[in-house]
Amino acid sequence: MEQKDLFKELGEIRLLMEKSSKFVSISGLSGVLIGCYALLGTLFGYYTIAIPDTAINRFASGLAIPTLFLIVAILILTLSLLTGWLMARKKAKKNKQSIWNITSKSLLFAVSIPLITGGVLALVLLSQGYYHLIAGILLIFYGLALAAGSIYTFTEVKWLGILEICLGLMAVCLPDHGLMLWGLGFGVLHIIYGFIVYKKYES
Amino acid sequence: MKLDLSLYDKIFENRVRLQIMSVLAVNEEYDFNSFKEVLEVTDGNLASNLKTLEKEEYIVVEKSFVDRKSNTKYKRTTKGLKAFENHLIALENLIKQQYK
């Protein structure tokens, strides 16, 4: 065997190990979009708190602010999941990868444990009136989910997770700035991350 | 210097078999369809090479059913992983040899 062939062979083994164990069809642009949804949600939150007598509040009169926030949060979550899934499907098609394969299943499983735990905990805190902790808890558990899932996808996800956890801890310490930190974590960080992944892997 | 080829494994001279083992070295288990997707090979080619590795006891096969469809999973054995690592060392040594 020629030396060049040997190098090529070893290189291909390495690539295959990487390709077979990582789900790389997550779209960077979907990260940017999801960040924008979160920023809009944050603005809505500010608006509702700062100016209680707005059209939206009159429309939703009878709904307590926490309930209103919950509805908006669930709306953002649904929209984000849908965007992420649709754009990943498109990217997977382009990469000739299926979206439902062994790596995406592992990724989903790793992410869902911290995510569901955090979600349930946030609902419990909501029902007991610990509103000031919720923004931080959501950030922390989301960050943990990303860190757990990062072994099955881009390494950038690990750093996104760590940053989310830091913001979450800050939000728990400074509950007055919870909404701002939430917007920073789910909005600004997603946009920056999405842009980096798009630049690095997609353009 | 005489070249030591004792670590070189004839089983892995076949590209697909080497690729299968590379995948199983970093993944605890892998299923047939995922192999097909990542290696871009035909059913027959993949199946026959998986069979060879199974006969060598380099991999084990776990058959199960999900929604009445067969869902076959493959795992590496300790023997298989050792053989794969040795083969990589042999390839490395070959490169080093050619550098001298």
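Here, the structure is the one placed above.
What counts as what
Residues numbered from 1 in each chain as written. Chains lettered and ligands numbered in written order. Predicted model: local features only at pLDDT ≥ 70, side-chain atom pairs only at ≥ 80, totals over all residues. Heavy atoms only, no water. Pairing = 2+ DSSP bridges. Helix = DSSP H or I, 4+ residues; strand = E, 2+ residues; numbered from the N terminus. Contact = heavy atoms within 4.5 Å. Axes fitted to C-alpha atoms, helices over the stretch in contact; angles between N-to-C directions. Buried area = accessible area lost by both parts, 1.4 Å probe. Salt bridge = Lys/Arg side-chain N within 4 Å of Asp/Glu carboxyl O. 1 Å grid on protein atoms, 1.4 Å probe; cavity = no way out; pocket = protein on both sides within 12 Å on 5 of 7 lines; lining within 4 Å. Points joined across faces, edges and corners; volume = space filled by probe spheres on them. Nonpolar A, V, L, I, M, F, W, Y, C, P; charged D, E, K, R; others polar.

Caption draft 1: Region of interest: the sheet that holds strand E1 (residues 30-31) of chain B. Residue and element names in this part refer to chain B. In spatial order, the strands read E1-E3-E2; together these 3 strands make up an open sheet with antiparallel pairing. With one partner strand each, in any of the chains shown, E1 and strand E2 (59-66) form the two edges of the open sheet. Pairing between E2 and strand E3 (residues 69-76): 8 bridges, direction antiparallel. Bridge pairing links Ile59 to Arg76 in E3. The sheet contacts of helix H1 (residues 15-26) involve E1, E2 and E3, and relative to E3 the element is tilted by about 85 degrees.

Caption draft 2: Layout of the environment of Met180(A). Locating Met180(A) in the fold gives a position in helix H8 (residues 178-202). Once the C-alpha coordinates of Met180(A) and Leu43(A) are considered, the two residues, 137 residues apart in sequence, prove to be 9.3 Å apart.

Caption draft 3: Looking closely at the interface of chain B and chain A. Of the residues lining the interface, 24 residues belong to chain B; the matching set on chain A comes to 19 residues. The contact between chain B and chain A buries some 1900 Å² in all, and 64% of this surface belongs to carbon and sulfur atoms. Its largest share of buried area at the contact with chain A, chain B owes to Glu37(B), Ile95(B) and Gln98(B), together 28% of the area lost on that side. Here chain B and chain A share 2 salt bridges between them.

Caption draft 4: Main features of the pattern of salt bridges. Residues and elements named next belong to chain B. Counted by the stated rule, this structure contains 11 salt bridges over all chains. Of the charged contacts in the structure, one is a salt bridge between Lys10 and Glu13, with a shortest N-O distance of 3.8 Å. Because the salt bridges share partners, they merge into one network encompassing Glu29, Glu62, Lys73 and Lys75.

Caption draft 5: Examining the layout of surface pockets more closely. Quantified by volume, the second largest pocket comes out at close to 880 Å³. Surrounding the second largest pocket, 31 residues form its lining, Ile102(A), Lys105(A), Asp31(B), Asn71(B) and Lys73(B) being those nearest its centre. Per-element tally for the lining of the second largest pocket: the top contributor is E3(B), with 8 residues. Taken together, the residues that form the lining of the second largest pocket break down as 10 nonpolar, 11 polar and 10 charged.

Caption draft 6: Here's a closer look at the environment of Ile134(A). Residue and element names in this part refer to chain A. Secondary-structure assignment places Ile134 in helix H6 (residues 131-149). Remark: the alpha-carbon pair of Ile134 and Asn95, spanning 39 residues in sequence, is separated by 38 Å. Sequence-distant contacts of Ile134, that is, excluding residues within four places in its chain, are made with Ala122, Leu125 and Leu126.

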